Each structure stands twice: as structure tokens, then as C-alpha cells.
Amino acid sequence: MKRILILGGHGFIGSHTANVLKAQGHTIGVVDCYHKYYTFPKDEYDCVLEQRQDHCGADEVYPGQIEDPVFMENTFKQFKPNIVIHVATYPNAYMVKRNVIDATGNMITATAVTLDLCVEYNVERIVFASSSMVYGDFTSDAPVETARTDPLTLYGSYKLQGEKMCQIWQREKGLEYTILRPSALYGTRDMIVRVISKLAEAALTTGELRVQGPDNKLDFSWVEDVASAFATAATHKNCANEIFNCTRGKGRTIMEAAEMVQARLGGSITTLPHDDFYPNRDTLTSDKLKNSTDWNPRMDIDFGIPKYLDWLLEQPYTKRLPRYESI
């Protein structure tokens, strides 16, 4: 059993990952600064955060900012981690674009601080959360990990830089790493910030589900499947110094997702051209992780979206939303 420190452990991926690792018997420490990214309403954030904290079940919690080297050194000194999982990051590319200076500290400076401390405190492995956004526009039907990386957004470029930093620290200082590239996450205990949650909010409040690029596909990935990938990456011997995609592996159109939300919540769908800010994406091949370990993602959106909507409709802040029409 390991002492595993999760940076961003009360976040979306982090809290689900902590739950998996805690059930396996590991000792879990959580670092979180409870950043609202200048976006989340207080009632929504407080409600979801409480659920994440309960789900996480951490043994130790360290509130503070990961770009603060003094705070981070004190945390490493107190918790003495064997493994560090770094999932403390901005949730999406538009947020980074709106808050460049803050995001640079959160995504670049903090990663350097963390890597140095991992070396200083003899951490066995760091698991770094990257993103499918590092590929930019997909140049094949289902890119593998060796495909060209050409990020089109600052968010994607910062994720790729984080990968490079992990590789440099490994080469120069011997720090073992695992890098994971998820895509199009959704699931319970999340803020209204991603594609499916925004479609659901629109159905409830305006009755208009706006689909930008209806034929575009995303590899929608259920958060518990992705959390299982992070838990696997933390301890499996075959994950040392490797990069893995960790998605469902089944690209589905945004229109399909919108129609599933519409079937449950009503409203009308309006189609718009693809948002050129985002790269064109589709399915990612995650066979490398599946073949190297026993990881196996299972949740398709046909089951995942209804499950997410069941959860969302029970939230008190959702019930207080101004309704377009009764459900």
C-alpha cells in the first residue's frame, strides 16, 4: 500500500480517483486550493465540492496553492508521499484563454515546483494529467500516443509542455512518470462546464440546445472510467515512463449527445458551425493502456448521459434554475 498525494484531489477527476485508490487500501492525501476559475456560482460550487469531499474520503487534506513552493514543501514534508498524482488544472481551454497569467502559474510554475519536490522527497512516480488537446486537429481516425502533437490552444500547449517537463525531469533527475491523455470528460459530481452539462443546462433554462459542429465527434469519457485509469497508472509496473490515451475509444457526434439530452429534458436543437477555437477531434485509441494493464473503460453515452442527468436533476442548485418549461 502506498501514500498517494493527489494535487487537485477535491476536483472532478481527483475526487473520483481518490475514491478508487482509497477502496484499494492506499493512504490518500489531498491538496486543493478550491479555485472557482472566475466561473462557478457559489451555490453550485459549494454543493458539488461537498459531494466531492465526501466521495474522496482523504486521510489528510492540505488546502493551498500548488504554485506556492513553501506550502508545497511543507505538504511533502508532512505527508511523505510515495506517489503523486497531478490533476490540479484549469478545466477547459476557454478558461485558460480568459485567465492567461493565473493559468500559467497553475499549469506551468506549479508543475515545476511539484517535479522538483518529487525528486527532493524521493517520490517513486508522478502521474500527470495531460489532454487530447495536445494533438490539435486529429490527422487520423483514431490517433495513438505516437501521433503528431500540434496543439492549437494555449491550454493544449501547456499540457504538452507539462508532458515535456515530466520527460526532462526523468532524463535529468531520474523521476519516474506516467502521462495520461483523457478527452471529453463527463459524469457526476461535476460543475456545469463541459459539453454535456452545458447542453443540459440550456435545455432546462432556455429550451435551446446549441450544437456547434453537429457532425463533429468527441470521445466522450465517463469520469469513473478515467479515474480508474489514473489509479492504474499510479501503481502498475507497466506504466512507468509511458504516455497513454485513456478514453472510451468510441467517438460520438455532438448531435447524438444533444439528442439524448433533448429526449430527457425537452427543448429544441439549433445547429451552428464548428467553433474554430477548438481542434477537430474524434476517437482516441486507448489500446496501449488496455493491453499494458487490466484497465477497461465500459461506459457509453447511451447509459452515461441518462445517469449523469439523473444526478444533475437531483441537485438543489439545478432545481433553483429559472426553467424554460417544466419537465
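Owing to the predicted nature of the structure, the values given are computational and were not obtained by experimental measurement.

A. Looking closely at the pattern of salt bridges. Evaluation of the coordinates by the stated rule reveals 19 salt bridges. Put simply, Arg 125 and Glu 176 hold a salt bridge, and the shortest N to O gap is 2.8 Å. Taken together, the residues Arg 125 in strand E5 (residues 125-129) and Glu 176 in the loop between helix H6 (154-173) and strand E6 (177-181) connect sequence positions 51 residues apart. The partly exposed category is assigned to Glu 176, whose relative accessible area is 25%.

B. View of unusual backbone geometry. The residue Tyr 37 is not glycine, and still its phi comes out positive at about 55°. Its location among the elements puts Tyr 37 in the loop between strand E2 (27-32) and helix H2 (42-56).

C. Layout of the packing of aromatic side chains. The full count for this structure, using the stated rule, is twelve aromatic pairs. Note on Phe 40 and Tyr 45: the rings are 6.3 Å apart at their centroids and 15° apart in plane angle, and the pair reads as stacked. Phe 40 gets classed as buried once you look at its relative accessible area, which sits at 10%. Pairing Tyr 186 with Phe 220 gives two aromatic rings, centres 6.5 Å apart and planes at 90°, and the pair type is edge-to-face. Taken as a pair, Tyr 186 in strand E7 (residues 185-186) and Phe 220 in the loop between strand E9 (217-218) and strand E10 (221-222) lie far apart in primary sequence, 34 residues in all. For Tyr 186, a relative accessible area of 3% corresponds to the buried category. Overall, Phe 220 belongs to the buried group, its relative accessible area being 3%. Aromatic rings pair up to connect Tyr 37, Phe 40, Tyr 45 and Tyr 90 into one cluster. For the cation-ring pair, Lys 288 lies above Phe 244, with the distance from its terminal atom to the ring centre recorded as 5.0 Å.

D. View of empty space enclosed by the protein. Summed over all chains, the structure comprises three cavities of 30 Å³ or more. Approximately 60 Å³ is the volume attributed to the largest cavity. Considering the residues around the largest cavity, the lining is formed by His 86, Val 87, Ala 88, Thr 89, Asn 106, Met 107, Thr 111, Phe 128, Ala 129 and Lys 159. When residues of the lining of the largest cavity are traced back to their parent elements, those giving at least two are helix H5 (100-120) and E5.

How each quantity is defined
Residues numbered from 1 in each chain as written. Predicted model: local features only at pLDDT ≥ 70, side-chain atom pairs only at ≥ 80, totals over all residues. Heavy atoms only, no water. Salt bridge = Lys/Arg side-chain N within 4 Å of Asp/Glu carboxyl O. Helix = DSSP H or I, 4+ residues; strand = E, 2+ residues; numbered from the N terminus. Buried < 20%, exposed > 50% of the residue type's maximum accessible area, 1.4 Å probe, protein only. Phe/Tyr/Trp six-rings, centres within 6.5 Å; stacked < 30°, edge-to-face > 60°. Lys NZ or Arg CZ within 6 Å of the ring centre and 35° of its normal. 1 Å grid on protein atoms, 1.4 Å probe; cavity = no way out; pocket = protein on both sides within 12 Å on 5 of 7 lines; lining within 4 Å. Points joined across faces, edges and corners; volume = space filled by probe spheres on them.

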